[in-house]
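Given next are the chains, with one letter for each unit.
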Amino acid sequence: MLQRREDKHARVVEDERLAQEYRRAWPVVVSQKTVYSCLNNYFQASEWSEPPVCAVCGRYQRDCVVVTFTATDAPSFHLETLRVTDRFIIQKCVVQGLSAAFSFDCPIIDGLMLERAGIVDCSSDCVRLFLCSSCRTSLSKPDKVPRFALANNLYRGQLPLHLQDISWVEEKVCAIYCVTAHVTRLFQSSDPAQPKVFHGNTCAHDTNVVSTASVLPRTPSDVNGLLSIIFIGPGKFNAKQLGTVFRRSLWTRL
């Protein structure tokens, strides 16, 4: 009888010891603070952000890095290959002073064909620029103009202020010369200024391009009766959904 009682007590003690070991080995409950911190880090890392603009080519590139240029240090990149040489641009911007597109109030980069959005900051003796990997590689070699640099005959000028807020549909209406293929790059963005995405078929018709280009832009009264744009979808046609896609201010721009 005594032996059975001792065996039962020994089993109880062993079970308690094992239970304590299990409790010590069990993972600790993660605190709410840690959970919220991990969720915030994941959100920040997965959120789409606009990449920086390369000052040389004007493209949005993820591989852009900030490069510092000073007036005293020997330059590691040959920026002189980006100097404006086009006679028309020199005549309009430099001689006549009609535009300050390539005047930066900095003797290091004045006269260079750079994109202002890619300039981090500049002063009289120091300037910091965003440069993508391909432009850095080309500028590290003497007399090597980057392939996509604005100075490589890729500068198209700047849109007037009253045309910078128009949609791509309105832009095609205002354009004197229109292309037959329109390629749009769509990416993840929450910017409300991004145009809506349309999916469908495109029909092209032969026109007298020379005569049309010579008289455009036409007056609103001429265009209003000839121009029509229809967006169709998989649903049933509803005449109530038809309406103008152009703002009233667009007619003044034609």
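Calculation criteria
- Residue positions are given per chain, counted from 1 along the sequence in the order it is written.
- Local features in a predicted model are, by the rule used here, given only for residues with pLDDT of at least 70; side-chain atom pairs are given and counted only at 80 or more, and totals for whole chains, interfaces and linings are based on all residues.
- Excluded from the side-chain calculation are hydrogens and water; included are all heavy atoms of the structure.
- Numbered from the N terminus, helices here are DSSP runs of H or I no shorter than four residues, and strands are runs of E no shorter than two.
- Exposure categories follow from relative accessible area, calculated using a 1.4 Å probe and restricted to protein chains: below 20% of the type maximum is buried, above 50% is exposed, and the middle band is partly exposed.
- Note on definitions: a residue-residue contact is assigned when non-hydrogen atoms from the two residues lie within 4.5 Å.
- All accessible-area figures derive from a Shrake-Rupley calculation using a 1.4 Å probe, and residue coverage is judged against the displayed protein chains alone.
- Note on aromatic pairs: the rings of Phe, Tyr and Trp (six-membered ring only in Trp) are paired at centre separations within 6.5 Å, and the planes decide the class, stacked below 30 degrees, edge-to-face beyond 60, tilted for the rest.
- Should DSSP find at least two bridges between two strands, the strands are taken to pair.
- Here an axis means a line fitted to C-alpha atoms, over the contact stretch when the element is a helix, while the angle between two N-to-C directions is reported on a 0 to 180 degree scale.
- Like-charged residues are merged into a patch within 9 Å and nonpolar side chains (Val, Leu, Ile, Met, Phe, Trp, Tyr) within 5 Å, provided each residue has over 30% relative accessible area and no salt bridge.
- Only one rule defines a salt bridge in this text: a Lys or Arg side-chain nitrogen within 4 Å of an Asp or Glu carboxyl oxygen.
- Here, nonpolar core refers to any group of buried Ala, Val, Leu, Ile, Met, Phe, Trp, Tyr and Cys residues whose side-chain atoms link them within 4.5 Å.

**Student:** Break down the overall build of the chain for me, citing the residues and quoting the values.
**Tutor:** The secondary structure content of the chain amounts to 8 helices and 3 strands. Going from N to C terminus, the chain has its helices and strands arranged as α-α-β-α-β-β-α-α-α-α-α. When the 254 residues of the chain are sorted by exposure, 19% land in the buried category. Sequence-distant contacts, at least 24 apart, represent 64% of the contacts inside the chain between residues at least 6 apart. Of the roughly 20200 Å² of accessible surface on the chain, a fraction of 56% belongs to carbon and sulfur atoms.

**Student:** Summarise the packing of aromatic side chains; cite the residues concerned and give the values.
**Tutor:** As enumerated under the stated definition, the model contains 2 aromatic pairs in all. Between F69 and F77 the ring centres are 6.1 Å apart and the planes differ by 65°, which places this aromatic pair in the edge-to-face class.

**Student:** Explain the pairing of strand β2 (residues 119–122) to me, using residue names and the numbers behind them.
**Tutor:** Residues in a regular strand point their side chains to alternate faces of the sheet. By the bridge criterion, 3 bridges tie β2 to strand β3 (residues 126–131) in an arrangement that is antiparallel. Considered in β3, the bridge of C122 is made with V127. Taken together, β2 and the strand that follows it, β3, pair antiparallel across an intervening segment of 3 residues.

**Student:** I'd like a rundown of the sheet that holds β2, residues and numbers included.
**Tutor:** The sheet built from 3 strands is open, its strands ordered β1-β3-β2 with antiparallel pairing. This sheet does not close on itself; its edge strands, each paired only once, are β1 (65–70) and β2. For this sheet, the mean inter-axis angle between neighbouring strands, taken without regard to orientation, is 15°.

**Student:** Kindly report on a nonpolar patch on the surface, identifying the contributing residues and their values.
**Tutor:** Where nonpolar side chains cluster on the molecular surface, the patch consists of V30, V35, Y36 and L39 and spans about 390 Å² of accessible area. As for its placement among the helices and strands, L39 is situated in helix α2 (residues 32–46).

**Student:** Please provide a residue-by-residue account of the environment of G58, values included.
**Tutor:** Here G58 lies in the loop between α2 and β1. Taking the C-alpha atoms as reference points, G58 and R116, separated by 58 residues in sequence, lie 8.6 Å from one another. Each residue touching G58, except ones within four places of it in the same chain, is listed here: V53 and E115.

**Student:** Would you mind going over the nonpolar core in detail, with residue names and values included?
**Tutor:** Formed by 31 residues in total, the largest nonpolar core has its most connected members in C54, V56, F69, I109, L114, V127 and L129. Of all elements in the fold, only β1, α3 (87–95), β3 and α4 (133–139) reach the threshold of two or more residues within this core. Ranked by the residues each element gives to this core, the list is headed by β3, at 3 residues. Those residues within four positions of C54 in sequence are excluded, and the remaining contacts are R59, C64, E115, G118, F130, L131, C132 and C135.

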